[in-house]
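So the chains spell out like this:
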Amino acid sequence: MTETLDTTVAFRATMGRLASGVSVITTRTGSTPIGMTASAVSALSLDPLQLIVCVGNHLFTRTAIAEHGRFAVNILGEDGEDLARTFAAPVPDRFAGVAVDDSHGVPVLKDAIATVVCQVSQALPGGDHTIFVGDARHFTHKSASRPLVYFAGEFGVMS
């Protein structure tokens, strides 16, 4: 099938019906923290402990992850819409005023309800994205928390 603007829009609208959790992917370039909002995140394997994140090839975050070799998936809670919007916006310093823990080699958002710090084990081509396979090196969660979700172009919470 040849992709046209119409088929791309229709495919995006169709896949928008798949509710997903909202995460902020963080890494660094040198001493500068880098981050972006993402919904293309999934557990991959329990043996070894792995997950995948899919990052657009045109994004600087993709280059930073490839160069640094480490990233964190910060899963946002139901009160995380402002963080999701901040890390999705083209602002010069997405980390301004955001509490982070840098003890794992990448910035970890203190307000996340769960975090997985990964070492990149593979970077695979995926159309206009790169699929990063990450080996989980550190993970934690807040058990009494509820996730922020994304569905049909809107943020929401599970009821």
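One can find the structure itself at the top, above this paragraph.
In short, a report on the structure. Values in this document were obtained by computation on a predicted structure and should not be read as measured data.

General note: in soluble globular proteins, nonpolar side chains tend to be found buried as a group. Among the nonpolar cores identified, the biggest contains 13 residues, and Ile-25, Leu-51, Val-53 and Phe-71 are the most heavily contacted of them. Elements with a contribution of two residues or more to this core: strand S3 (32-38), strand S5 (49-56), strand S6 (70-75), strand S9 (114-126) and strand S10 (129-141). In terms of residue count, S5 provides more of this core than any other element does, three residues in total. Sequence-distant contacts of Ile-25, that is, excluding residues within four places in its chain, are made with Ile-34, Gly-35, Met-36, Ala-38, Val-41, Val-53, Ile-65, Phe-71, Ala-72 and Val-73. Membership of the second largest hydrophobic core comes to twelve residues, among which are Leu-76, Leu-83, Ala-112 and Leu-148.

To continue, consider the layout of surface pockets. Take a probe with the size of a water molecule and roll it over the atoms, and the empty space left behind shows itself. Put simply, the largest pocket is a space of about 1500 Å³. As for the largest pocket, its lining consists of 34 residues, of which Arg-12, Met-15, Ser-39, Ala-40 and His-129 are closest to the centre. Sort the elements by how many residues they give to the lining of the largest pocket and helix H1 (residues 5-15) lands first, with six residues. Class assignment for the residues of the lining of the largest pocket results in 19 nonpolar, eleven polar and four charged. Counted as a void, the second largest pocket has a volume near 310 Å³. Lining the second largest pocket we find 17 residues, and of these Ser-42, Ala-43, Gln-50, Leu-51 and Val-116 sit closest to its centre. Contributing elements (two or more residues each) for the lining of the second largest pocket: strand S4 (41-46), S5, S6, S9 and S10.

Here we come to a nonpolar patch on the surface. A cluster of nonpolar side chains, contributed by Phe-11, Met-15 and Leu-18, occupies part of the molecular surface with about 340 Å² of accessible area. For Met-15, the location among the structural elements is in helix H1. Met-15 sits in the partly exposed class, given a relative accessible area of 41%.

Pro-48 follows Asp-47 through a cis peptide bond whose omega is 5°. Among the structural elements, Pro-48 can be located in the loop between S4 and S5. Positioned with a positive phi, Ala-152 is a non-glycine residue whose angle comes to about 55°. As for its position among the elements, Ala-152 is in the loop between strand S11 (148-151) and strand S12 (154-157).

The rules behind these values
Residues numbered from 1 in each chain as written. Predicted model: local features only at pLDDT ≥ 70, side-chain atom pairs only at ≥ 80, totals over all residues. Heavy atoms only, no water. Core = buried A, V, L, I, M, F, W, Y, C linked by side-chain atoms within 4.5 Å. Buried < 20%, exposed > 50% of the residue type's maximum accessible area, 1.4 Å probe, protein only. Helix = DSSP H or I, 4+ residues; strand = E, 2+ residues; numbered from the N terminus. Contact = heavy atoms within 4.5 Å. 1 Å grid on protein atoms, 1.4 Å probe; cavity = no way out; pocket = protein on both sides within 12 Å on 5 of 7 lines; lining within 4 Å. Points joined across faces, edges and corners; volume = space filled by probe spheres on them. Nonpolar A, V, L, I, M, F, W, Y, C, P; charged D, E, K, R; others polar. Patch = residues over 30% accessible without salt bridge, like charges linked within 9 Å, V, L, I, M, F, W, Y side chains within 5 Å. Areas by Shrake-Rupley, 256 points an atom, 1.4 Å probe, with all protein chains shown as cover. Salt bridge = Lys/Arg side-chain N within 4 Å of Asp/Glu carboxyl O.

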